[in-house]
Amino acid sequence: LNNEITIFEKILAGEIPSTIVYENEHVVAFKDIIPKAPVHVLVIPRKKSRNLTEIAGVPETEIGHFLKGVALTATALGLDDSGYRVVINNGRDGQQSVEYLHAHILGGRPLKWPPG
Ligand code: 5GP
């Protein structure tokens, strides 16, 4: 099992700086350091899962609070009228680079589909 501390745990602990744009009891949302769109925010659950696969073992209410946290973040960012995209990269082929479950919120311009 890989219990390595990730950069997101350090952000959560306030050990490294980030620009937090929304938070509640369940989630923290902060700006991606290398934005791929005019709005690029990452939403993480306060309670760690390493990836989407792992949430098979997480209570449904916690999973619900995570997804709801994504929606509340997008609303707080003012994205509801324009729309936005939510992405969860999972594992190697999904190009997940940080082993702490996170949803990307991308917006502020029309996004292309499909992704590369
Ligand atoms: P992944 O590729 O795992 O889906 O997404 C990880 C994201 O975290 C990337 O978009 C990357 O730019 C972002 N990221 C990596 N390190 C940091 C950091 O130290 N601070 C912030 N705010 N974002 C980071």
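The preceding data block contains the structure.
The rules we used
Residues numbered from 1 in each chain as written. Predicted model: local features only at pLDDT ≥ 70, side-chain atom pairs only at ≥ 80, totals over all residues. Heavy atoms only, no water. Near = heavy atom within 4 Å. Polar contact = N/O pair within 3.5 Å; in protein donor to acceptor, adjacent residues only side chain to side chain. Areas by Shrake-Rupley, 256 points an atom, 1.4 Å probe, with all protein chains shown as cover. 1 Å grid on protein atoms, 1.4 Å probe; cavity = no way out; pocket = protein on both sides within 12 Å on 5 of 7 lines; lining within 4 Å. Sits in = over half its atoms within 2 Å of the grid points. Helix = DSSP H or I, 4+ residues; strand = E, 2+ residues; numbered from the N terminus. Nonpolar A, V, L, I, M, F, W, Y, C, P; charged D, E, K, R; others polar. Core = buried A, V, L, I, M, F, W, Y, C linked by side-chain atoms within 4.5 Å. Buried < 20%, exposed > 50% of the residue type's maximum accessible area, 1.4 Å probe, protein only. Contact = heavy atoms within 4.5 Å. Points joined across faces, edges and corners; volume = space filled by probe spheres on them.

**Student:** Can you lay out the site of the ligand for me, pointing to particular residues and giving the numbers?
**Tutor:** Taken together, 18 residues lie near the ligand, and Lys31, Asp32, Asn89, Ser97 and His104 sit nearest. One of the side-chain N or O atoms of Lys36 is found 3.2 Å from an oxygen atom in the ligand. Here an oxygen atom of the ligand and a backbone polar atom of Ser97 are 2.6 Å apart. Protein chains bury 85% of the 520 Å² of accessible surface belonging to the ligand in isolation. With respect to the pocket detection grid, the ligand is positioned in the largest pocket. Elements represented by at least two residues in the shell around the ligand include exactly helix H1 (7-12) and strand E2 (27-31). Considering every element that reaches the shell around the ligand, the biggest residue donor is H1, with three residues. Its residues placed into classes, the shell around the ligand shows nine nonpolar, six polar and three charged.

**Student:** Explain the nonpolar core to me, using residue names and the numbers behind them.
**Tutor:** Residues Val27, Ala29, Val41, Val43, Phe66, Val70 and Ile105 are the most contacted members of the largest nonpolar core, which totals 15 residues. Of all the secondary structure elements, the ones that give two or more residues to this core are E2, strand E3 (39-45), helix H2 (60-76) and strand E5 (103-107). In contact with Phe66, not counting residues within four places along its chain, are Val27, Val43, Ile44, Pro45, Ile88, Leu101, His102 and Ala103. Counting eight residues, the second largest nonpolar core, distinct from the first, contains Ile11, Phe30, Leu42 and Ile44.

**Student:** Could you give me a rundown of the layout of surface pockets, with the residues and numbers involved?
**Tutor:** Any empty space left between the atoms is revealed when a probe the size of a water molecule rolls over them. Roughly 830 Å³ of volume is contained in the largest pocket. In terms of lining residues, the largest pocket is bounded by 34 residues, among which Asp32, Lys36, His40, Asn89 and His104 are the most central. Contributing elements (two or more residues each) for the lining of the largest pocket: H1, E2, E3, strand E4 (85-87) and E5. The leading source of residues in the lining of the largest pocket is H1, at three residues.

**Student:** Account for the side chain of Asp32, with residues named and values stated.
**Tutor:** Along the chain, Asp32 falls in the loop between E2 and E3. For Asp32, a relative accessible area of 13% gives the class buried. Beyond its immediate stretch of four places on either side in the chain, Asp32 contacts His40, Val41, Leu42 and His104.

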